[in-house]
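# Overview (structure and organization)
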Amino acid sequence: MSSDKATRASGRATISDVAKHAQTGKTSVSRYLNGEQHLLSDALKQRIDMAIQQLDYRPSQMARSLKGGQTRLIGLIIADITNPYSVDVMRGIEAACRQHGFTLLVCNTNNEINQEQHYLQLLSSYRVEGIVVNAVGMREDALSMLQQSMLPMVLIDRKIPDFACDVVGLNNHQATATATEHLLQQGFEAILFLSEPIGTVNTRLERLHAFRQTMAQHPDLSAEQAETPLNDAEKLATVLQTFNTRHRGMRKAVISANGALTLQVARAMRHLGMQWGNDIGLLGFDELDWAELAGVGITTLKQPTYQIGHAALELLVQRIQGLDAPVSEQLFSGELIVRGSTLR
């Protein structure tokens with residue numbers, strides 16, 4: 001087999017192969033590829049074009065981007081890709097990337113801090129032009145690396161303590177107040193705010209504070225709060241059973257702080273023989289596909305997740321293009337979708 005045929009069969013033709021096949025130098029081929037064809041004769045352009053076709057030559061877009069100082073790559077570090085919230089946010093980001101001619105590189109940390117730091121370093125090595133982060137809990141060395149790199153970055157949903165950065169997410173105070181007030185209007189006398197371990201996750205803290213502030217206006221009613229790991233079914237069942245027993249005979253409800261936890265709460269209630277909408281009220285953050293199909297349906301606080309992702313990428317593009325403005329916090333309103341789990 002000739003060298004040209006071997007190159008064509010391997011699919012790894014180089015610019016040198018094209019130059020040799022066209023009987024010219026690499027500089028002429030480079031000019032042809034970079035839009036400087038007016039510097040070449042018609043005969044030479046024809047030879048180069050034929051060589052490219054016969055060798056099935058495909059220039060490396062990464063190499064060309066690096067040479068031009070732009071990779072057109074955006075990195076996305078997301079806490080949990082199995083969460084429906086994350087999927088919808090990612091859809092919004094990807095759509096905005098396509099509109100602006102960027103390619104999205106997605107990294108799922110699975111809520112692990114070590115993975116977050118690993119992906120930050122990896123994306124930096126790929127020379128992405130900007131990063132969107134749904135943060136878990138970045139360590140100081142990872143934050144220091146970001147600050148030194150001056151890489152444009154936008155946070156979604158979760159802030160990072162002591163780190164000045166643009167943030168796009170839900171207006172947690174407004175959304176939680178709306179959800180709590182709905183339960184109060186439906187005559188609930190005891191309400192349990194249930195979340196995963198709060199730690200320093202600002203979204204959980206903001207929702208808890210808003211719940212407490214709203215309930216403080218009704219001192220005659222019972223407001224409780226509990227934390228439970230997402231995968232600890234036994235603890236969750238104990239929390240629910242204790243709350244139900246303590247307020248026997250009262251109209252009571254549970255607010256679940258996110259969609260993944262709402263699913264676990266619904267499972268635990270069924271296991272305990274509790275019927276939401278009958279024995280106990282249930283309201284969960286995040287709209288889930290199955291919420292309207294679950295018996296009488298579960299009331300949810302729907303976040304505009306697609307819009308949040310889209311807006312985050314739009315803001316990141318502005319930063320990449322040189323926007324020099326103070327960091328901002330762009331907050332979206334949620335929508336309460338009322339179903340039978342909270343109605344009288």
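Residues numbered from 1 in each chain as written. Predicted model: local features only at pLDDT ≥ 70, side-chain atom pairs only at ≥ 80, totals over all residues. Heavy atoms only, no water.

The name an unreviewed UniProt entry gives the protein chain is LacI family DNA-binding transcriptional regulator, with Serratia fonticola as the organism.

## Focus on the layout of surface pockets
Operational definition: Think of a 1 Å grid over just the protein atoms. A cavity is a set of points where a 1.4 Å probe fits yet cannot get out, a pocket is an open set with protein on both sides within 12 Å along at least five of seven lines, and lining residues have an atom within 4 Å of a point. Grid points are joined across faces, edges and corners, and a volume is the space filled by probe spheres set on the points. To qualify as a helix, a DSSP run of H or I must reach at least 4 residues; to qualify as a strand, a run of E must reach at least 2; elements of each kind are numbered from the N terminus.
Quantified by volume, the largest pocket comes out at close to 530 Å³. Around the largest pocket, the lining comprises 25 residues; the ones closest to its centre are Asn 111, Arg 158, Glu 196, Arg 204 and Asn 258. Where the lining of the largest pocket is concerned, the elements lending two or more residues are helix H6 (84-100) and helix H10 (202-216). Sorting elements by how many residues they give to the lining of the largest pocket places H10 first, with 3 residues.

## Here's the deal with the environment of Ala 312
The condition that has to hold: The buried label goes to any residue with under 20% of its type's maximum accessible area, the exposed label to any with over 50%, and the partly exposed label to all in between, with areas taken from a 1.4 Å probe on protein chains only. By definition, residues are in contact when any of their heavy atoms lie within 4.5 Å.
Mapping Ala 312 onto the fold places it in helix H13 (residues 305-320). Taking the relative accessible area as the measure of exposure, Ala 312 reaches 0% and is therefore buried. Separated by 220 residues in the primary sequence, Ala 312 and Gly 92 place their C-alpha atoms 8.7 Å from one another. Non-local contacts of Ala 312, meaning those with residues more than four positions away in its chain, are made with Val 132, Val 154, Ile 156 and Val 168.

## Remarks on the sheet that holds strand E10 (residues 299-302)
Keep this limit in mind: The rule for pairing is simple: two strands pair if DSSP sees at least two bridges between them. Helix axes are fitted to C-alpha atoms over the stretch in contact, other axes to C-alpha atoms as well, and angles between N-to-C directions run from 0 to 180 degrees.
Taken in spatial order, the 6 strands make up an open sheet running E7-E6-E8-E9-E10-E12, and their pairing is mixed. Each end of this open sheet is capped by a strand with a single partner; those strands are strand E7 (222-227) and strand E12 (335-337). When strand polarity is set aside, the average angle formed by the axes of neighbouring strands in this sheet is 20°. Summarising the sheet, strand E6 (residues 190-195) and E7 pair through 6 bridges and their orientation is parallel. By the bridge assignment, Ala 190 is partnered in E7 with Ser 222.

## Regarding unusual backbone geometry
The backbone of Gln 23 shows a phi angle near 60°, a positive value even though the residue is not glycine. Note on Gln 23: relative accessible area 66%, which makes it exposed.

## A look at the side chain of Thr 180
Using the following cut-off: Between N or O atoms, a polar contact is any pair within 3.5 Å; within protein, one atom must be a potential hydrogen donor and the other a potential acceptor, and residues adjacent in sequence are included only when both atoms are from side chains.
With respect to the element layout, Thr 180 can be found in helix H9 (residues 172-185). The class of Thr 180 is buried, set by a relative accessible area of 0%. For Thr 180, the side chain forms a polar contact with the main-chain oxygen of Thr 176, separated by 2.8 Å. Beyond its immediate sequence surroundings of up to four residues, Thr 180 is in contact with Phe 211, Thr 214, Met 215 and Ile 255.

## Side note on the nonpolar core
Condition: As used in this record, nonpolar core signifies buried Ala, Val, Leu, Ile, Met, Phe, Trp, Tyr and Cys residues forming a set joined through side-chain atoms within 4.5 Å.
By size, the foremost hydrophobic cluster in this structure holds 23 residues, and its most contacted members are Ile 93, Val 132, Ile 156, Val 168 and Leu 313. Among the elements of the structure, strand E1 (73-78), H6, strand E4 (153-156) and H13 are those that each provide at least two residues to this core. Considering every element that reaches this core, the biggest residue donor is H13, with 7 residues. Apart from the residues within four sequence positions on either side, Val 132 is in contact with Gly 75, Leu 76, Ile 77, Ile 93, Val 154, Ile 156, Ala 312, Leu 313 and Leu 316. Judged by nonpolar contacts, the second largest core, of 22 residues, contains Phe 243, Leu 261, Ala 266 and Ile 298.

## Examining the sheet that holds strand E2 (residues 103-108)
Judged by pairing direction, the sheet is parallel, and its 6 strands sit side by side in the order E2-E1-E3-E4-E5-E11 without closing on themselves. Edge strands, defined here as strands with exactly one partner in the open sheet, are E2 and strand E11 (329-332). Here the strands of the sheet are splayed against their neighbours by 15° on average, with no regard to which way each runs. Alignment of E1 against E2, held across 6 bridges, turns out to be parallel. By the bridge assignment, Ile 78 is partnered in E2 with Asn 108.

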